[in-house]
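# Residue-level structural notes
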Amino acid sequence: MIISIYRIGYLFVIFFTILGGAVYSQGKFRVYGSILYEGVPVQQARVGISELQMTIRTDVNGYFSFTGVPEGTYHLTVNRHNTIFVEQVLRVNGEDVHIDVDLEYATVMIQEVKIETNPFRSGPKEKSLSVQTIQREELDRYASESFVAALERQPGISMINTGVGIAKPVIRGMAFNRVMVNDRGIKQEGQQWGADHGLEIDPYDVERVEVVKGPAALLYGSDAMGGVINIRPPLVMPAGEIRGGVTSLYRSNNDLYAFSAFVEGSSSSWFYRVRLTTQDYGNYRVPANSFVYAGFLLPIYDQMLTNTAGKERHGSATVGYRFKKGVSSLTLSRFHQEVGLFPGAVGMPRAYNLQHRGEFRNIDLPNQENTHIKLISNTSFFVGSSRFEVDLGYQRNLRRELSSPHAHGMNPRPEGNLAMELDLHTITANAKLSRDFGLRWNATLGMQNQYMEHGYSGFEFLVPAYRSYISGIFGYVEHALRDDLYWNIGARIDGARHDIQAHFQPVYQFFQPTGEFTQRNPDIDRSFLNWSGATGLSWIYDNNWNAKLNLGSSFRIPTPVELSVNGVHHGNFRHELGNPDLLGERGLQADLNITWKNQVWFMAVTPFMSVYDRYIYLAPSGRFSDLPGSRPFWEYRQNAAQFVGVEFQVERQILSGLHVEASVEYVQNKNLDTGLPLPLTPPLGIFGAVEYERALGNRFISSWYVRSEIRYAADQNRVDRNELTTEGFTLINAGIGGVFKFGKQEVDLSLRGTNLTNALYFHHLSRYRLLNLPEQGRNISIMLKMPLARYR
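Here we summarise the structure given alongside this text. (Residues numbered from 1 in each chain as written. Predicted model: local features only at pLDDT ≥ 70, side-chain atom pairs only at ≥ 80, totals over all residues. Heavy atoms only, no water.)

A few words on the pattern of salt bridges. By the definition in use, this model includes 37 salt bridges. With its nearest N and O atoms 3.6 Å apart, the salt bridge here joins Arg275 to Asp205. Of this pair, Arg275 sits in strand β18 (residues 270-281) while Asp205 is found in the loop between β13 (186-187) and β14 (208-213), placing the two residues 70 residues apart along the sequence. Note on accessibility: Arg275 and Asp205 belong to one class, buried. Across the pair Glu207 and Arg273 runs a salt bridge whose closest N-O atoms are separated by 2.8 Å. Pair noted here: Glu207 is in the loop between β13 and β14 and Arg273 is in strand β18, with a separation of 66 residues, a long-range link. (Salt bridge = Lys/Arg side-chain N within 4 Å of Asp/Glu carboxyl O. Helix = DSSP H or I, 4+ residues; strand = E, 2+ residues; numbered from the N terminus. Buried < 20%, exposed > 50% of the residue type's maximum accessible area, 1.4 Å probe, protein only.)

This is the structure in structure tokens:
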């Protein structure tokens, strides 16, 4: 079955290439113009063509010029003072292109023009899916506890967290294997099925992030049914330039110290980038002296959660080469994290094991060690007028959970502290071919292939060994019906095979083996094959209104974990049980987005709805595990389900530099078979902010800003059977910062406070919510960014 999909895909690519070569001949053209700010030329702005990794700087007259640009559709970016102001579609079709860009500053306009829509191959107004982009400067300004937490202020995005260092994204109430994280064109595989398995991404090595909200399975695969977090690589430096920078961060709540440094450069052909990051933090503080678990009142000594300290060490290096008809790069990265787990994660919390042992920065048992290694190759090149993109990747995710050795029933006491080791190897090969047919048609064909091999060890069992093969092909067509009306349609076929090994455990009596074995899971060999499809419209009216409608039918393949897991998952405080008879999911989705804007206003409303047949989810059973530890039993189930929700966003530029924004998000879901809500659903959320920013341009201060925020979460009483309800909360945050000059050296300094009232609150999606543990108290952050001198 998988081989058949390969053959069909290759035939499509060969046919498409021959057709493209017959219709067009190869041409190289010039793209030139000027960068202005309110009509005044902008010097030393960085102008780039994203797909070609071509970058240059403007001259004293704001002028730029690219030569040797093949026909095609690209994204032209303008970067000034390391901030992307403009990103717009560039079409080269048989002749040189002249384009002038004015960087007239208006925050509500920047929200629109800086959206990067790759891989859709056209601008944001022309797309029927909702896409939002967050830049590096925005991630830094909000100085959140993690990369995922920085995304949470966007409407429709929330997170599942375990303490401070572990978090994963939730889009419109969907998470785990329904939200794909795509790093440099490669799907991140990091045991994302676990709520306590964080996102193994260096938060300082992210330059810009695209968030595709809603079903994106057509272009990314079945694991993107809920959305995509797309991490985009930075543009390379102009030829002959070298630059670097350092970032330092301190947070008061858990005494966090972080340091990150990078250097990058480029010649006429070669380019490179290197980054190193280190981060250490202690136990985090909560505004409480006790908590209640299983009817017992237990102390929180010194208002600190013991053994929640951690440390991280990350590194990455990229080297690339620009050749005559394309560009190729190779990136090697290593993410390593060690983080303590609150004592209640393994066994029952007791007063004696909640006391602090030694320093507050010690990482004691139980704890996690996570290492993620990635080797990614990205290549794009032109054949005739067709553009090929090939992304290859190898990943190894090694997750080790350590705890004090403990015997299970009459079993002998194990040796060592390795409770569980999950070792996942993933090989990925993706290819995509796209081309324009005139000015009104664009077509894309793609293939995505993945092989995974999983092993395990340790004295506890959770997931068996398995091999998984997944392959998919897709086609996507976009057509401009009029200058203000765009239509797209696409289809996809996915196939998979999961080969899962049986696991047997020896039976002991009086600490001696009996020669008998008990089976935790059987041999499982399952294959899946199905299709997905989507179509959409985007209508632009009067340059102020944009209405988008997207309709789709998607298919999701059950994962090996959903089919076979059977064991106590301590990080999630539960026993999880898979179902080997699960069938593939089928979903019908509809998204409507209406946007209106002018020079000072931006408003958007996005209602959405989806209905699923055989929706797979993990739900509490109301029973307790018969394994030691007395954990609640959660099991994978499959029911018909419905999701309905809305997102609303408004921004207003009141005065020059004074900006106000607000957003509302709500999602409601239901198990259509039982009438009950699905578990782990985020509550109604409201966010508001006021920011004043001013450019001074004097000898000592380039610019400064001040910002205040309020975030409200409603009570979450719509819960599944045996799931805890959660009271709502209100948080107040604020920040101030600016760019200061010390001679020729600029320093970006910011101060930010979160939960300024030190409110005691619970996060409904936090894994520590199951232990009735509150979230972090007041937290003051100081960030310093220092760009190093640029050399030519």
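Turning to its location among the elements, Asn550 is positioned in strand β32 (residues 545-556). Among the residues examined, Asn550 registers a relative accessible area of 5% and is labelled buried. Counting along the chain gives 61 residues from Asn550 to Ile489, while the straight-line C-alpha distance between them is 9.7 Å. Every residue in contact with Asn550, bar those within four places of it in the chain, is listed here: Ser128, Leu129, Thr535, Gly536, Gln589, Ala590 and Asp591. For Asn550, the side chain forms a polar contact with the side chain of Ser128, separated by 2.9 Å. (Contact = heavy atoms within 4.5 Å. Polar contact = N/O pair within 3.5 Å; in protein donor to acceptor, adjacent residues only side chain to side chain.)

Quick look at the pairing of β18 now. The side-chain alternation of β18 yields one buried face, formed by Phe271, Arg273, Arg275, Thr277, Gln279 and Tyr281, and one unburied face, formed by Trp270, Tyr272, Val274, Leu276, Thr278 and Asp280. In this structure, strand β17 (residues 256-266) lies alongside β18, joined through 10 bridges in antiparallel fashion. If you follow Phe259 over to β18, its bridge partner there is Thr278. Taking the residues that link successive antiparallel strands as the turn, the β17-β18 hairpin has 3 residues. As defined by bridge partners, β18 adjoins strand β21 (residues 310-323) across 12 bridges and the pair is classed as antiparallel. What sits directly across from Arg275, in β21, is Ser316. (Pairing = 2+ DSSP bridges.)

So, on to the packing of aromatic side chains. Counted according to the given criterion, the structure contains 17 aromatic pairs. On the basis of an interplanar angle of 70° and a centroid distance of 5.5 Å, the ring pair of Tyr456 and Phe461 is categorised as edge-to-face. The partly exposed category is assigned to Tyr456, whose relative accessible area is 30%. With a relative accessible area of 5%, Phe461 lands in the buried category. Aromatic rings pair up to connect Tyr612, Tyr615, Tyr617 and Phe643 into one cluster. Against the face of Tyr615 rests Arg178, its NZ or CZ located 3.9 Å from the ring centre. A cation over an aromatic ring shows up here: Arg769 above the ring of Phe762, its NZ or CZ 4.9 Å from the ring centre. (Phe/Tyr/Trp six-rings, centres within 6.5 Å; stacked < 30°, edge-to-face > 60°. Lys NZ or Arg CZ within 6 Å of the ring centre and 35° of its normal.)

Moving on to the sheet that holds strand β9 (residues 130-135). Ordered in space as β9-β14-β15-β12-β13, the 5 strands form an open sheet in which the pairing is mixed. The open sheet terminates on both sides in strands that have one partner only, identified here as β9 and β13. Bridge count for β14 against strand β15 (residues 227-232) is 6 bridges, and the pairing is antiparallel. By the bridge assignment for β15, Val211 is matched with Ile229.

Taken as a class, soluble globular proteins show a tendency for nonpolar side chains to be buried jointly. Core analysis: the largest hydrophobic core is formed by 22 residues, its most contacted members being Val31, Ile35, Phe66 and Val69. If sequence neighbours within four positions are ignored, Ile35 has contacts with Val40, Pro41, Val42, Ala45, Val47, Thr58, Gly62, Phe64, Val78, Val101 and Leu103. (Core = buried A, V, L, I, M, F, W, Y, C linked by side-chain atoms within 4.5 Å.)

Treat this as a map of the structure, not an account of what it does.
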